[in-house]
Each structure stands twice: as structure tokens, then as C-alpha cells.
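For reference, the chains in residue letters:
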Amino acid sequence: MSIGIKPLGARVVIKRVEAEEKTASGILLAGTAKEKPQVAEVVAVGPGTEDEKMELNVGDRVIFSQYAGTDVKYSGVEYTIMSQRDILAVVE
């Protein structure tokens, strides 16, 4: 499935998973009280570079640096484009 965004070099496009609406104790959170999630799904990957091989695949769930990337809105959907270096881990 192509989303219409093709990242260049060792960049990836991610889509954040939705933030929790409720705390562990059952308290409902207002929209402004929710933390921005740091877990996302990879929706597109670049080809990599000679210096940095692409290690991620479309569909991987990842944890990324909090302030990394550039947020973009394309076709009404919010994505973040970031360097593969800003991905901290793959969630298994």
C-alpha cells in the first residue's frame, strides 16, 4: 500500500499510534492531557545510503526520539518523516 510519500536516503515515514484515552486507574484524559505517543508504525522507508543501510521495513512498530522528525499532513492524515537514526527500537 503506497501512501503517496516516498522518503529519500535513510529516512522513514511513520504514523503515530493513538494516545491512551484512559489512565491505568481508569481516569479519562482530556485531549490536552494526553501525551504524544512515541510508538509508531513505519508506513514507508527510503532506499538507504552507502553509509547507512536501511534496517526498517514497512509495518514495523517502532519507538523513536521524542523531538525527532518533521510532522506533515498529507491527504488529511498526519505523518512524521525522520532519519532512521532517530528510531530507538523496534517493538516485537
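Scroll up to find the structure this text is about.
What counts and how
- Residues numbered from 1 in each chain as written.
- Predicted model: local features only at pLDDT ≥ 70, side-chain atom pairs only at ≥ 80, totals over all residues.
- Heavy atoms only, no water.
- Pairing = 2+ DSSP bridges.
- Helix = DSSP H or I, 4+ residues; strand = E, 2+ residues; numbered from the N terminus.
- Axes fitted to C-alpha atoms, helices over the stretch in contact; angles between N-to-C directions.
- Core = buried A, V, L, I, M, F, W, Y, C linked by side-chain atoms within 4.5 Å.
- Buried < 20%, exposed > 50% of the residue type's maximum accessible area, 1.4 Å probe, protein only.
- Lys, Arg positive; Asp, Glu negative; His and termini not counted.
- Salt bridge = Lys/Arg side-chain N within 4 Å of Asp/Glu carboxyl O.
- Polar contact = N/O pair within 3.5 Å; in protein donor to acceptor, adjacent residues only side chain to side chain.
- Contact = heavy atoms within 4.5 Å.
- Patch = residues over 30% accessible without salt bridge, like charges linked within 9 Å, V, L, I, M, F, W, Y side chains within 5 Å.
- Areas by Shrake-Rupley, 256 points an atom, 1.4 Å probe, with all protein chains shown as cover.

Draft legend 1. Region of interest: the sheet that holds strand β6 (residues 87-91). One open sheet accounts for six strands, arranged β4-β5-β1-β2-β3-β6; its pairing is antiparallel. Edge positions in the sheet fall to β4 (70-74) and β6, since each of these pairs with one other strand and no more. Shown here is a sheet whose adjacent strand axes are inclined to one another by a mean of 45°, direction ignored. Pairing of strand β3 (residues 61-64) with β6 involves four bridges; the strand directions are antiparallel. The residue of β6 that forms the bridge with Arg61 is Val91.

Draft legend 2. Looking closely at the pairing of β4. Note: β4 against strand β5 (residues 77-83), five bridges, orientation antiparallel. Directly across from Lys73, in β5, lies its bridge partner Glu78. Taking the residues that link successive antiparallel strands as the turn, the β4-β5 hairpin has two residues, and the phi of Ser75 there is positive, at about 55°.

Draft legend 3. Structural view of the nonpolar core. Core analysis: the largest hydrophobic core is formed by eleven residues, namely Val12, Ile14, Ala40, Val42, Met54, Leu56, Val62, Phe64, Ala68, Met82 and Ile87. Ranked by size, the runner-up nonpolar core spans six residues in total, among them Ile3, Ile5, Ala44 and Tyr79.

Draft legend 4. Structural detail: the side chain of Asp60. If you trace the backbone, Asp60 turns up in the loop between β2 (39-45) and β3. For the buried residue Asp60, which engages in no salt bridge, the nearest side chain bearing the opposite charge is Arg61, 9.7 Å off. For Asp60, the side chain forms a polar contact with the main-chain nitrogen of Asn57, separated by 2.9 Å. Filtering out sequence-adjacent residues up to four positions away, Asp60 remains in contact with Ala40, Glu41, Val42 and Val90.

Draft legend 5. Examining the environment of Gly9 more closely. Relative to the helices and strands, Gly9 is located in the segment before β1 (11-16). Looking at Gly9, the relative accessible area reads 19%, which means it is buried. It is 4.7 Å that separates the C-alpha atoms of Gly9 and Gly48, two residues lying 39 residues apart in sequence. Excluding anything up to four places from it in sequence, Gly9 contacts Gly46, Pro47, Gly48, Thr49 and Met54.

Draft legend 6. Focus on a nonpolar patch on the surface. Together, Ile63, Leu88 and Val91 give the surface a local cluster of nonpolar side chains, amounting to about 240 Å² of exposed area. Secondary-structure assignment places Ile63 in strand β3. What makes Ile63 partly exposed here is its relative accessible area of 33%.

Any link to function would need more than the numbers given here.
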